[in-house]
Amino acid sequence: MRLLLISNSTNAGEAYLEYPKRQIADFLAASARKVDTVLFVPYAAVTFGYDEYRAKVAARFDEFGVQVDSVHRYAHPAEAVRRAQAIVVGGGNTFHLAKAMQDEGLYEPIRQAVLERGVPYIGWSAGSNMSCPTICTTNDMPIVEPLSFRALNLVPFQINPHYLDAHPDGHAGETREMRIEEFLAANKGVRVAGLREGCMLRIEGERVALIGSRPLRLFRYGEPPCELEPTDNLIGLM
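Since the structure is predicted, the reported quantities are computational estimates derived from the model, not experimental observations.

Q: How do you make sense of the overall build of the protein chain when you look at a structure like this?
A: When helices and strands are tallied, the protein chain shows 7 helices and 11 strands. When its C-alpha atoms are laid out on the principal axes, the protein chain stretches across 45 × 40 × 35 Å. Relative to its 238 residues, the protein chain shows a buried fraction of 51%. The contacts in the protein chain between residues at least 6 apart in sequence include a share of 69% that link residues at least 24 apart. Per element, the accessible surface of the protein chain, about 10,900 Å² overall, is 50% carbon and sulfur.

See below:
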């Protein structure tokens, strides 16, 4: 199993997919089988079209010689997944993404591709949420109702992408940490990885590497959150 799970597509002041592009290129180049085309899942897009989304991703992937196909172009998307060299799931609204993937019957074909055939999986933001057991630690509004909150269950822990420590001045509502603590109170046996922006997890089998300049904040029920640095051993997540 090979996964690259990215917190966010774009850092403030940077171009789209600028900061993770080298990691994406290296991850694909390290695949056992040559990857010259990836299959993109654009269903997290809501306010712009899937063709536009594919073109935006393709412009970046062109820089390292990888073409971007898109699952929305196929009459039978599940068949496209079964033929994919690599799968890329973009960010946007996680509920919209989950509903479309469920409606198209993509969960099991993707799980089989990644877990049984070793097809590389790359996700950012909502695409990282989708790798988890559920989408319940997304930051997104439920603008549509999926069949369930179940996700692909490629990893045994939850991710909160775009994790923020900040509590803005004058804001009397819950912080991100408080929301995660609510989730843990209702799901006591689950771990949550708060993945800060500019960071990603690269998973190869049981090996987990945190890439980026900021620590990961790990939450468990009944325990204080702990900070894990890129130099720490993260195998316990798996």
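The rest of the description comes next.
Q: Before we go on, may I ask you to explain the pairing of strand 2 (residues 37-41) in this structure?
A: Sheet faces and side chains relate simply in a regular strand, where the side chains alternate between the two faces. Of all the 5 residues making up strand 2, 4 are buried; the element is thus mostly covered by neighbouring parts of the structure. Note: strand 2 against strand 3 (residues 67-70), 4 bridges, orientation parallel. Bridge pairing in strand 3 places leucine 39 opposite aspartate 69. As judged from the 3 bridges shared by strand 2 and strand 4 (residues 87-89), these two strands associate in the parallel manner. Following the sheet pairing, leucine 39 is matched in strand 4 by isoleucine 87.

Q: Can you walk me through the sheet that holds strand 1 (residues 2-6) in this structure?
A: Within a sheet, neighbouring strands are paired by backbone hydrogen bonds and run either parallel or antiparallel to one another. The mixed open sheet is built from 7 strands, whose spatial order is 3-2-4-5-1-8-9. Looking along the sheet, the strands with just one partner apiece sit at the ends: strand 3 and strand 9 (207-211). Sheet twist, expressed as the mean angle between neighbouring strand axes with direction ignored, is 20 degrees. With 5 bridges connecting them, strand 1 and strand 8 (residues 200-204) associate as antiparallel partners.

Q: Looking at this structure, how should I read the pattern of salt bridges?
A: Pairing is possible between side chains of opposite charge, provided their charged atoms come close. Under the criterion given, the structure shown has 18 salt bridges. Taking the shortest distance from any N to any O, the salt bridge between glutamate 63 and lysine 21 comes out at 3.1 Å. Of this pair, glutamate 63 sits in the loop between helix 2 (50-61) and strand 3 while lysine 21 sits in helix 1 (residues 21-29), placing them 42 residues apart in sequence. When its relative accessible area of 22% is taken as the criterion, lysine 21 is described as partly exposed. For aspartate 69, the salt bridge goes to arginine 73, with nearest N and O atoms at 4.0 Å. Exposure remark for aspartate 69: the relative accessible area of 18% places this residue in the buried category. Arginine 73 gets classed as partly exposed once you look at its relative accessible area, which sits at 48%.

Q: What am I meant to see in the pairing of strand 7 (residues 192-196) here?
A: With 5 of 5 residues buried, strand 7 is to be regarded as a mostly interior element. Looking at chain direction, strand 6 (residues 158-163) and strand 7 are connected through 5 bridges and run parallel. Looking at the pairing, isoleucine 159 lines up with alanine 193 of strand 7. As paired elements, strand 7 and strand 10 (residues 216-219) share 3 bridges and run antiparallel to each other. Residue pairing for strand 10: alanine 193 is matched across the bridge by leucine 218.

Q: Help me understand the side chain of aspartate 69, please; the structure alone is not making it clear to me.
A: Structurally, aspartate 69 can be placed in strand 3. A polar contact of 2.3 Å, which involves the side chain of aspartate 69, links it to the side chain of tyrosine 74. The residues contacting aspartate 69, other than those within four sequence positions of it, are Thr37, Val38, Leu39, Phe40, Arg54 and Tyr74.

Rules behind the numbers
- Residues numbered from 1 in each chain as written.
- Predicted model: local features only at pLDDT ≥ 70, side-chain atom pairs only at ≥ 80, totals over all residues.
- Heavy atoms only, no water.
- Helix = DSSP H or I, 4+ residues; strand = E, 2+ residues; numbered from the N terminus.
- Buried < 20%, exposed > 50% of the residue type's maximum accessible area, 1.4 Å probe, protein only.
- Contact = heavy atoms within 4.5 Å.
- Areas by Shrake-Rupley, 256 points an atom, 1.4 Å probe, with all protein chains shown as cover.
- Pairing = 2+ DSSP bridges.
- Axes fitted to C-alpha atoms, helices over the stretch in contact; angles between N-to-C directions.
- Salt bridge = Lys/Arg side-chain N within 4 Å of Asp/Glu carboxyl O.
- Polar contact = N/O pair within 3.5 Å; in protein donor to acceptor, adjacent residues only side chain to side chain.

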